[in-house]
Amino acid sequence: TMQSSGHRFRDVEHHPLLAENDSYDSSSSEADMAERVWFIRDGCGMVCAIMTWLLVVYADFVVTFVMLLPSKDFWYSVINGVLFNCLAVLALSSHLRTMLTDPGAVPKGNATKEYMDNLQLKPGEVIYKCPKCCSIKPERAHHCSICKRCIRKMDHHCPWVNNCVGEKNQRFFVLFTMYIALISAHALVLCGFQFFSCVRGQWTECSDFSPPVTVILMIFLCLEGFLFLTFTAVMFGTQIHSICNDETEIERLKSEKPTWERRLRWEGMKSVFGGQPSLLWINPFAGFRIRRLLLLRAKKGGPEFSV
């Protein structure tokens, strides 16, 4: 049954059975949930994700082998090398967590008569069924045509991480944009120092590569760094603004009037990043479960991919 979006969503969101499990079908066992790996089999998204990794690896190669290792300043090379590689690892780890984390998918095909009867709806209560994935649609959920699922608090679908950005993986996406912006800025600063030292001294002594190759590699890195810094810095600011306003990008673009009680700015940050401010907020490894990986390896026939 359909009604105005405010009433139908409010009735669904506050029903206890619908809030029992945010990520997986409530009828699934613990073992089934541990054996699922979230991965979207989208050709464009997979190509973009691979390109992201290759561009980060390229930047690391140029910074390490073209600029830092040939440098005569030992501590300059060590400090910048450790810093840049740590940021690169954090950025790629955030990318993986964003890509392989269920963004908050609503159980697919749960809008059955039996499930409806179990909800024990009161007279006049209204629920909304998504006709595309046959699921009961909670408040603030939107259907993604690429993931082919309804996603809770869906912000947008990002091909660079081959996944939707939603309720469960927004923190990792914010960290990904932040760390990419930081390594891009760091690479641009290092390129500036390198050009200055090469122009001031001998080009043949500032790199192990020939001057033309060195210039081409560094120019491409500067272009890459500038583009990535601009894109990710804007995206990072947009995400933080959305979190503070408790409003997704889709809701902002559609100018949807909030039918939910908006969180205060600080409460919104704590709900996304988890708990009180700490170093865990910027740690993409927080909440990573080794036991789940062991269960996946032990399962015969390999992991089941949830799409």
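Keep in mind that what you see is a predicted model, and the values were worked out from it rather than measured.

J.: What is the right way to look at the overall build of the chain in this model?
T.: When you go through the chain residue by residue, the secondary structure sums to 10 helices and eight strands. Counting across all 307 residues of the chain, residues that qualify as buried make up 46%. Working note: accessible area of the chain is about 16700 Å², and carbon and sulfur atoms make up 64% of it.

J.: Looking at this structure, how should I read the UniProt feature "transmembrane region" (unreviewed entry) in the chain?
T.: When the UniProt feature table is mapped onto this chain numbering, "transmembrane region" (unreviewed entry) sits at residues 43–68, 74–92, 172–195 and 215–236. Spanning residues 43–68, this segment combines 100% helix with 0% strand, and its end C-alpha atoms are found 36 Å apart. Helix makes up 100% of residues 172–195 and strand 0%, and the two end C-alpha atoms of the span are 34 Å apart.

J.: Quick question: what am I supposed to make of the side chain of Thr-98 here?
T.: Structurally, the position occupied by Thr-98 is in helix H4 (residues 74–100). The exposure class of Thr-98 is buried, given its relative accessible area of 0%. Of note is the side chain of Thr-98, whose polar atom sits 3.3 Å from the backbone oxygen of Phe-172.

J.: Sorry if this is basic, but what is going on with the packing of aromatic side chains here?
T.: A ring pair, where both rings are aromatic, is described by two values, the distance of the centres and the angle of the planes. One pass over the structure, following the stated rule, counts seven aromatic pairs. With a centroid separation of 6.2 Å and an interplanar angle of 75 degrees, the aromatic rings of Phe-61 and Phe-209 are classed as edge-to-face. Of this pair, Phe-61 sits in helix H3 (residues 43–68) while Phe-209 sits in the loop between helix H6 (170–200) and helix H7 (211–245), placing them 148 residues apart in sequence. Summarising the aromatic geometry, the rings of Phe-74 and Trp-75 are spaced 5.2 Å apart at their centres and angled 75 degrees between planes, so their arrangement reads as edge-to-face. Side by side, Phe-74 and Trp-75 carry an identical accessibility label, which is exposed. Here the aromatic residues Phe-61, Phe-65 and Phe-209 are joined through ring pairs into a cluster of three or more.

J.: What exactly am I supposed to notice about the nonpolar core here?
T.: The nonpolar side chains of a soluble globular protein tend to be buried with one another. Of all hydrophobic cores here, the largest spans 38 residues; its most connected members are Val-62, Val-63, Met-67, Phe-173, Ile-180, Leu-221 and Phe-273. When residues of this core are traced back to their parent elements, those giving at least two are H3, H4, H6, H7 and helix H9 (265–273). Considering every element that reaches this core, the biggest residue donor is H6, with 10 residues. With nine residues, the next largest nonpolar core counts Trp-38, Cys-144, Cys-147 and Met-154 among its residues.

J.: I tried to follow the environment of Ser-135 on my own but got confused; where do I start?
T.: Here Ser-135 is to be found in strand E3 (residues 135–136). Each C-alpha atom of the pair Ser-135 and Gly-109 lies 4.8 Å from the other, and the pair is 26 residues apart in sequence.

J.: Would you mind going over the confidence of the model for the chain with me for this structure?
T.: For any part of a model where pLDDT is low, the fine detail of the predicted coordinates should not be relied upon. Confidence along the chain averages 80 in pLDDT terms, with 78% of residues attaining 70 or more. Within the chain, H4 carries the highest mean pLDDT (96), whereas helix H1 (residues 5–13) carries the lowest (38). Low pLDDT, under 50, characterises residues 299–307; the stretch is placed with 20 contacts to residues that sit more than four places away or in other chains.

J.: Which parts of the structure should I look at to understand the environment of Gln-239?
T.: Tracing the backbone shows Gln-239 in helix H7. The sequence separation of Gln-239 and Phe-173 amounts to 66 residues, and the corresponding C-alpha distance is 8.9 Å. Not counting residues within four places of it along the chain, the set of residues in contact with Gln-239 comprises Asp-155, His-156, Val-165, Gln-170, Phe-173 and Val-174. There is a polar contact of 3.0 Å between the side chain of Gln-239 and the side chain of Asp-155.

Cut-offs and rules
Residues numbered from 1 in each chain as written. Predicted model: local features only at pLDDT ≥ 70, side-chain atom pairs only at ≥ 80, totals over all residues. Heavy atoms only, no water. Helix = DSSP H or I, 4+ residues; strand = E, 2+ residues; numbered from the N terminus. Buried < 20%, exposed > 50% of the residue type's maximum accessible area, 1.4 Å probe, protein only. Areas by Shrake-Rupley, 256 points an atom, 1.4 Å probe, with all protein chains shown as cover. UniProt positions renumbered as here; feature names shortened; annotations may be inferred. Polar contact = N/O pair within 3.5 Å; in protein donor to acceptor, adjacent residues only side chain to side chain. Phe/Tyr/Trp six-rings, centres within 6.5 Å; stacked < 30°, edge-to-face > 60°. Core = buried A, V, L, I, M, F, W, Y, C linked by side-chain atoms within 4.5 Å. pLDDT = per-residue confidence, 0-100. Contact = heavy atoms within 4.5 Å.

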